[in-house]
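Here's the letter readout for the chains.
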Amino acid sequence: MTKIQTIERFIFDQQPETAHGEFTNLLYDIALAAKLIAHKTNRAGLLDILGRAGDVNIQGEEQQKLDVFADEMIVHICDHTGRLCVMASEEREEIIHIPKKYKKGSYVLVFDPLDGSSNIDVNVSIGAVFGIYRCIDWNLRGRIEDVLQPARNLVAAGYVLFGSSTMMVYSTGNGVHGFTLDLELGEFLLSHPDMHLPEMPAYYSVNWAYYDQWSPGIQAYADWLQGRGGSDAPTMSARYIGSLVSDFHRNLLRGGVFFYPAEVSKPSGKIRLLYEAGPLAFLMEQAGGYASDGRQSILDIEPTELHQRTPFFIGNRTLVEKAEFFRQQD
Ligand code: P6P
């Protein structure tokens, strides 16, 4: 029994002596939400939950019913516990205030409840991403200023991957740790302690269909990655699932670079800063890698809008810094 390490025990053992449990319990709330969402996504093909909810979310994207369910599940689990002062979700235009009848807490939760939802209908893995900040002014109820913080201020970040198995991977600044959901026990068990990015990268991940939309510098970077024109790039394979959390997770385990650059039609790229790029950049740096918008660390970007997007390069530091080098040629 001593070998089995539940996520609750691990979170508890990791908390500093000075902690009073609010942060620890918040992480466990997220694990609970992950289990409930996993239960739905694993049965999506069986329930009348596939197909489009008909609504269009603020990103102008058709909202899948699972998107709605995941968003509402996370808010329902976290809005009354007294651990948060405010939340922000990819699915909601404005910040999510804690109802006045509940005590407010000292943390901020930002999340993308179900990224890559267009993959649901074709049974490709999808994922949730979250980040946790401290409220800036503890005496006030949550405000937009509490949410619009650079990712360097994160106190924790993680993702849930709903794939062949359900995994929750997170960091509180003391390394990156992965847990796999044991369906019989209904518990996340420690399966990937202290995850580190391999020195030798295996994959580059990008949607090559947009090559002609990239700047000349990024086109040159892509050519370099492919070993063209005497490139000294390491030999890698191309892998791109079109589901950010899946591409990120595979590259974290095997090494490589994922990038979604700016395009002529998407000058800020597609990936959202606050609840996708920022938390993943925090995790990647904890695992020994690096994330950039092509000019600076993602961790240092000061958000100005809730749903702002950013060009995104993440993975082995040498590969991401190479992107910055080529980007400077533009
Ligand atoms: P494209 C999914 O919609 C998503 O936000 C990410 O999960 C994924 O990495 C990206 O978009 C895929 O975008 O333009 O290549 O289909």
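How each quantity is defined
Residues numbered from 1 in each chain as written. Predicted model: local features only at pLDDT ≥ 70, side-chain atom pairs only at ≥ 80, totals over all residues. Heavy atoms only, no water. Disulfide = S-S within 2.5 Å. Helix = DSSP H or I, 4+ residues; strand = E, 2+ residues; numbered from the N terminus. Buried < 20%, exposed > 50% of the residue type's maximum accessible area, 1.4 Å probe, protein only. Near = heavy atom within 4 Å. Polar contact = N/O pair within 3.5 Å; in protein donor to acceptor, adjacent residues only side chain to side chain. Areas by Shrake-Rupley, 256 points an atom, 1.4 Å probe, with all protein chains shown as cover. Nonpolar A, V, L, I, M, F, W, Y, C, P; charged D, E, K, R; others polar. Arc of directions from axis to C-beta. Contact = heavy atoms within 4.5 Å.

Chemist: I tried to follow the state of the cysteines on my own but got confused; where do I start?
Modeler: Counted under the stated rule, the structure contains one disulfide. One disulfide in the model links Cys-85 with Cys-135; its S-S distance is 1.9 Å. Disulfide Cys-85-Cys-135: torsion about the S-S bond near -115 degrees, hence left-handed. One end of the pair, Cys-85, is in strand E3 (residues 84–89); the other, Cys-135, is in the loop between strand E6 (126–134) and helix H4 (144–147), and 50 residues separate them in sequence. Each member of the pair, Cys-85 as well as Cys-135, is classed as buried. Here Cys-78 stays free of any disulfide, with the sulfur of Cys-85 as its closest cysteine sulfur at 13 Å.

Chemist: Please explain the site of the ligand as it appears in this structure.
Modeler: Around the ligand, a shell composed of Asp-115, Gly-116, Asn-207, Tyr-210, Tyr-240, Gly-242, Ser-243, Leu-244, Phe-258, Tyr-260 and Lys-270 is seen. The backbone of Leu-244 places a nitrogen or oxygen atom 2.8 Å from an oxygen atom of the ligand. Taking Tyr-260, its side chain carries an N or O atom lying 2.6 Å from an oxygen atom of the ligand. With the chains in place, 85% of the 400 Å² that the ligand exposes on its own is no longer accessible. Of the residues that constitute the shell around the ligand, the class distribution is five nonpolar, four polar and two charged.

Chemist: Help me out: how do you make sense of helix H8 (residues 317–327) in this one?
Modeler: In an α-helix, one turn spans 3.6 residues, which is why side chains three or four residues apart end up on the same side. Here H8 has its buried residues at Leu-319, Val-320, Ala-323, Glu-324 and Phe-326. Projected down its long axis, H8 shows its buried positions confined to an angular sector of 165 degrees, all on one face. Looking at the buried side of H8, the elements it contacts are helix H5 (216–225), strand E13 (256–260), strand E14 (290–292) and strand E15 (312–315).

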